[in-house]
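Residues per chain are reported as follows:
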Amino acid sequence: MLILTQNGNRVVKFKDITDLYINSIDDDPTIYCNTKYNEDEYDIPLGIYETKERCKEVLLEILREYSCIEQFKIECRSKISGRPKSFVYCMPKE
């Protein structure tokens, strides 16, 4: 799954995220992430919201979307022999 930042300037791969969190120290509660490939860059802002509660709702939406995608992959893999490295549907033999 890919996540497009709120300002549209960056795309982050969900599988590369090591931390996904809310920081509400300042007046604008913000969802941040860190990735395993950006060790020199911390606290990548994904979106700013009016309240910490809205941040929590958005985090839950992200997790639900990711869960649905992973569940879909699992269901499809059960119909495909072997475990493909990426999601590819192989037409079954007769």
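I will try to describe carefully the structure that is included in this document.

Conventions we followed
Residues numbered from 1 in each chain as written. Predicted model: local features only at pLDDT ≥ 70, side-chain atom pairs only at ≥ 80, totals over all residues. Heavy atoms only, no water. Helix = DSSP H or I, 4+ residues; strand = E, 2+ residues; numbered from the N terminus. Polar contact = N/O pair within 3.5 Å; in protein donor to acceptor, adjacent residues only side chain to side chain. Buried < 20%, exposed > 50% of the residue type's maximum accessible area, 1.4 Å probe, protein only. Contact = heavy atoms within 4.5 Å. Pairing = 2+ DSSP bridges. Axes fitted to C-alpha atoms, helices over the stretch in contact; angles between N-to-C directions.

Here the focus is the side chain of Thr30. Along the polypeptide, Thr30 turns up in strand E4 (residues 30-35). A polar contact of 2.9 Å, which involves the side chain of Thr30, links it to the backbone oxygen of Asp28.

Within the fold, Asn34 resides in strand E4. Take Asn34: its relative accessible area is 9%, and that puts it in the buried class. Sequence-distant contacts of Asn34, that is, excluding residues within four places in its chain, are made with Asp16, Ile17, Thr18, Asp19, Tyr21, Glu41, Tyr42, Asp43 and Ile44.

To continue, consider the sheet that holds E4. Across the sheet, which stays open at both edges, the three strands sit in the order E3-E4-E5 with antiparallel pairing between neighbours. Looking along the sheet, the strands with just one partner apiece sit at the ends: strand E3 (17-23) and strand E5 (44-48). Across the sheet, the mean angle from the axis of one strand to that of its neighbour is 20°, orientation sign disregarded. Taken together, the four bridges between E4 and E5 define a ladder with antiparallel strand orientation. Bridged to Tyr32 within E5 is Pro45.

The buried fraction of E4 is high, at six of six residues. Every second residue of E4 is oriented toward a common face, with Thr30, Tyr32 and Asn34 on one face and Ile31, Cys33 and Thr35 on the other, all of them buried. Pairing of E3 with E4, which is carried by six bridges, proceeds in the antiparallel orientation. The partner of Ile17 across the bridge, within E4, is Thr35.

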